[in-house]
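# Working through the structure, step by step
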There are 2 protein chains.
Amino acid sequence: MTVDGFEGPEKLLEIWFQFDNKSTSNPSGLRVIEYDTWARVLSLVKCDILSVKRNDFFDAYLLSESSMFVYPHKLTLKTCGTTTLLKCLARLLEIAAKSPGISGNIEYVFYSRKQFMFPDRQIYPHTNWSDEVSYLEKYFSGGSAYTVGKTNGDHWFCFVWEEPLNPLPQLPSGQIKVDCTLEVLMSGLDEEWASKMFYKKANSSPSDNEFSGLLKRAFPDSDIDEFHFDPCGYSCNGLKDEYYFTIHVTPEPKCSYASFETNMAFDADMYAKIVRDMVHLFKPSNFTVTLFSERANCDSSDNNETHKYLWTGPSKSFCGFFRQDKIIYEFENYDLLFAHYECSEKLRKKRQALQGQNYLNIKDFKIKKI
Amino acid sequence: MTVDGFEGPEKLLEIWFQFDNKSTSNPSGLRVIEYDTWARVLSLVKCDILSVKRNDFFDAYLLSESSMFVYPHKLTLKTCGTTTLLKCLARLLEIAAKSPGISGNIEYVFYSRKQFMFPDRQIYPHTNWSDEVSYLEKYFSGGSAYTVGKTNGDHWFCFVWEEPLNPLPQLPSGQIKVDCTLEVLMSGLDEEWASKMFYKKANSSPSDNEFSGLLKRAFPDSDIDEFHFDPCGYSCNGLKDEYYFTIHVTPEPKCSYASFETNMAFDADMYAKIVRDMVHLFKPSNFTVTLFSERANCDSSDNNETHKYLWTGPSKSFCGFFRQDKIIYEFENYDLLFAHYECSEKLRKKRQALQGQNYLNIKDFKIKKI
């Protein structure tokens, strides 16, 4: 990562393929695609694989610019900097269609990103939202594109394509496997803390790193894959059964940014706790929360619990931040929450006064799936 | 209105002024502003006053391009075509500040419009959304601008400015005077019906007009002011106590459009009925519903009723239309619903088959405030 103005905010693509695990004895789907094949696909995106961890449910790739998660039936690809994420689409759809159990039909596509800090440095088709949408429409005709949030302030872009005849999943009561994706996107991190945590120190081993320790305590049951960039920057993937979390940090004061993402489903209180913990940890000057949550046709109160945060959750004032926007989109089978917060004057002053002190107690930082 | 490509979709501005009716024995506020003064203000917008009706609560102006409603403490100005609505802002704020009881401080500003059909014909600052926002920000710094709906499909623009320290109104329980504004914006009207209703016939008097008859039956208690344009087009204002409704129709097949707007507060069922009636009446190929609804700090179930439509109201399929978008914005003191619908293939076919028959029974079209 370069020191001068790195674009931390990621491009995020998730594609769900129709997957018939009855048609084959091999339920691996996309997971049969080999490391070298992925490496060639990712070269189109202009990023490299740093490492990979696998469990019974999915493969988690740590990339030179963010992360990739490969499930039998779906793929999540998140890349930052000036990567050309959408450039891999043709090849990706081609290799996916050849995977066992994958019919080539697509169920859902989600593409999203925050507004860029340095839009002029981006490479086609990421030069602007309109170019990205035209590019996506070539592959996913009929998709819906949105500018979410203030056109004259912080905003986030989102493209959604849903198989039109895809019925809501019928789940038995008590079944909580409703698909959710939470992102917390934080800008203007606390300089001193970020410098302490995410700049490489001479003669230190990764195990000395304070942030790594924090993270292990926060996600005690997860298998964590980390990378400390030289001279600065940080990425990690966490695996816990079928769930992932991923954190990426750009600590440079000019363009500081950190993101947290997970597909774990929580209840409303736990969602609020995660957002609070992330904000306490990174101490940003502003942050955005996005939550995609599937609406399942079931009476499960767990489903309602997840949805409860989306509908009533993020309060107007929160940990010294004020909500600038709360917007809810109802898609065909998913609901989307977008909330943007900015630091209150009072919190800003308190932070200035406490500069240099470890003023927030984050030792109880612990996140557990419901 | 010209026959070739008239821009029906309106620009809509609403400004709430701080109004202290205790400071003066004259509670007229903006209503003291004289007809000739308004005529000069509206000449900056490039439109004329056709007529005016007054009641105890407000003045309703019928304009050559849409309508204006003047209350003691607030003004609603709606203009279509290539009018330059925002050009009147400087003068408007100046004359408002001189009105009795008006402090010059502003409480709320709402500016909105649908995407233009013919954007290239618009005059600065209406040349594009970004120009409009910059122009608004000169007067209302810190306002929030949004593109609501699909950036690659039907959308609507909205700018909201709220006095930051304005507390939610504290209303006694049972008090239902919560501010609401509903718009139903319809495009692609039924050609034959629109031609029959909204083109002037030789030797006919306004009282012969079938639409006028319908409207009188629909709003039996309202004082209605109508104008039939030559050769075609229609505008009306309705007054009922402190509430208005207004309808504007561009019937030309190339660019047909009709809008209904009201500040009456209804319960959820009545909102659904109004939208249904409008859609049955104008038979559009697509329509947008917008509803701004104030959140009052009261236990009034009426308040919840109005809000109920906003949160749970407009269903996925409705009168043969499919919902393409449902988006909810939570502002400081207001919630906003945006819903967009398109005609189903089945309804389109049914309409074609019935072409020329009066296939929808609208004789029970009757709207009453709760």
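Calculation rules
Residues numbered from 1 in each chain as written. Chains lettered and ligands numbered in written order. Predicted model: local features only at pLDDT ≥ 70, side-chain atom pairs only at ≥ 80, totals over all residues. Heavy atoms only, no water. Contact = heavy atoms within 4.5 Å. Buried area = accessible area lost by both parts, 1.4 Å probe. Salt bridge = Lys/Arg side-chain N within 4 Å of Asp/Glu carboxyl O. Helix = DSSP H or I, 4+ residues; strand = E, 2+ residues; numbered from the N terminus. Nonpolar A, V, L, I, M, F, W, Y, C, P; charged D, E, K, R; others polar. Least-squares fit on C-alpha atoms with pLDDT ≥ 70 in both. Core = buried A, V, L, I, M, F, W, Y, C linked by side-chain atoms within 4.5 Å. Buried < 20%, exposed > 50% of the residue type's maximum accessible area, 1.4 Å probe, protein only. pLDDT = per-residue confidence, 0-100. Arc of directions from axis to C-beta. Pairing = 2+ DSSP bridges. Axes fitted to C-alpha atoms, helices over the stretch in contact; angles between N-to-C directions.

The next thing to look at is the interface of chain A and chain B. In this complex, chain A contributes 26 residues to the contact, which on the side of chain B involves 26 residues. When chain A packs against chain B, the two sides together hide about 2000 Å² of surface, and 38% of this comes from carbon and sulfur. Summed over the shared surface of chain A and chain B, the result is six salt bridges. The partner of B:Lys316 in a salt bridge is A:Glu332, with the nearest N and O atoms 3.7 Å apart. Those elements that provide at least two residues to the side of chain A that touches chain B are α3 (129-139), β7 (144-149) and β16 (321-330) of chain A. Looking at which element gives the most residues to the side of chain A that touches chain B, the answer is β16(A), with eight residues. Considered class by class, the residues forming the side of chain A that touches chain B number ten nonpolar, seven polar and nine charged.

A word on the relation of the copies chain A and chain B. Each copy of the sequence occupies a distinct position, and chain A is placed on chain B by a rotation of 180 degrees and an axial shift of 0.0 Å, giving an RMSD of 0.0 Å. Those values place the two copies in the arrangement expected of a two-fold rotation axis. By C-alpha distance to the rotation axis, the residue of chain A lying nearest is A:Ile328, at 2.6 Å. Most of the interface of chain A is mirrored in chain B: 100% of its interface residues are interface residues there too.

Take the nonpolar core next. Core analysis: the largest hydrophobic core is formed by 97 residues, its most contacted members being A:Phe211, A:Phe282, B:Phe211 and B:Phe282. Setting aside chain neighbours within four positions, we find A:Phe211 in contact with A:Trp193, A:Met197, A:Phe198, A:Tyr234, A:Ile247, A:Leu281 and A:Phe282.

What follows deals with the pattern of salt bridges. Residues and elements named next belong to chain A. With the rule as written, the count across this model stands at 36 salt bridges over all chains. Between Arg31 and Asp59 there is a salt bridge, and its shortest N-O distance comes to 2.7 Å. With a gap of 28 residues between them, Arg31 in the loop between β1 (11-19) and α1 (35-45) and Asp59 in strand β3 (residues 59-63) connect regions that are remote in the sequence. For the residue pair Arg31 and Asp59, the accessibility class agrees, reading buried in each case.

All names here are of chain A. Chain-level pLDDT for chain A is 87 on average; 85% of the residues reach the 70-or-more range. Ignoring residues within four places in sequence, the model shows residues 172-176, a span with pLDDT below 50, making ten contacts including any to other chains. The ipTM, which scores confidence in the relative placement of chains, is 0.91 for this predicted complex, and the corresponding pTM is 0.92.

Residue and element names in this part refer to chain B. Every buried residue of helix α4 (residues 191-198) is accounted for by Trp193, Ala194, Met197 and Phe198. The buried residues of α4 all sit within an arc of 95 degrees when viewed along its axis, so they share a single face. The elements touched by buried residues of α4 are α5 (210-218), β11 (234-240), β12 (243-250) and α6 (268-282).

A cis amide bond links B:Tyr124 with the next residue in sequence, B:Pro125, at an omega value of 5 degrees. Positionally, B:Pro125 belongs in the loop between β6 (102-114) and α3 (129-139). Of the consecutive residues B:Asp230 and B:Pro231, the connecting peptide bond is found in the cis state with omega at 10 degrees. Mapping B:Pro231 onto the fold places it in the loop between β10 (223-228) and β11. Although it is not a glycine, A:Lys46 adopts a positive phi angle of roughly 70 degrees. With respect to the element layout, A:Lys46 can be found in the loop between α1 and β2 (49-54). For A:Lys46, a relative accessible area of 52% corresponds to the exposed category. Phi at A:Asp241 is positive, roughly 50 degrees, even though this residue is not glycine. Within the secondary structure, A:Asp241 sits in the loop between β11 (234-240) and β12 (243-250).

What follows is about the sheet that holds strand β4 (residues 66-70) of chain B. Residues and elements named next belong to chain B. Across the sheet, eight strands lie side by side as β2-β3-β4-β5-β1-β6-β8-β7; this open sheet has antiparallel pairing. The open sheet terminates on both sides in strands that have one partner only, identified here as β2 (49-54) and β7 (144-149). Ignoring strand direction, the axes of neighbouring strands in this sheet form an average angle of 15 degrees. Sheet topology note: the β4/strand β5 (residues 74-79) ladder contains four bridges and is antiparallel. Bridge pairing in β5 links Val70 to Leu75. Along the sheet face, helix α2 (residues 89-97) touches β1 (11-19), β5 and β6 and points at about 25 degrees away from the line of β1. Along the sheet face, α3 touches β6, β7 and β8 (155-162) and points at about 10 degrees away from the line of β8.

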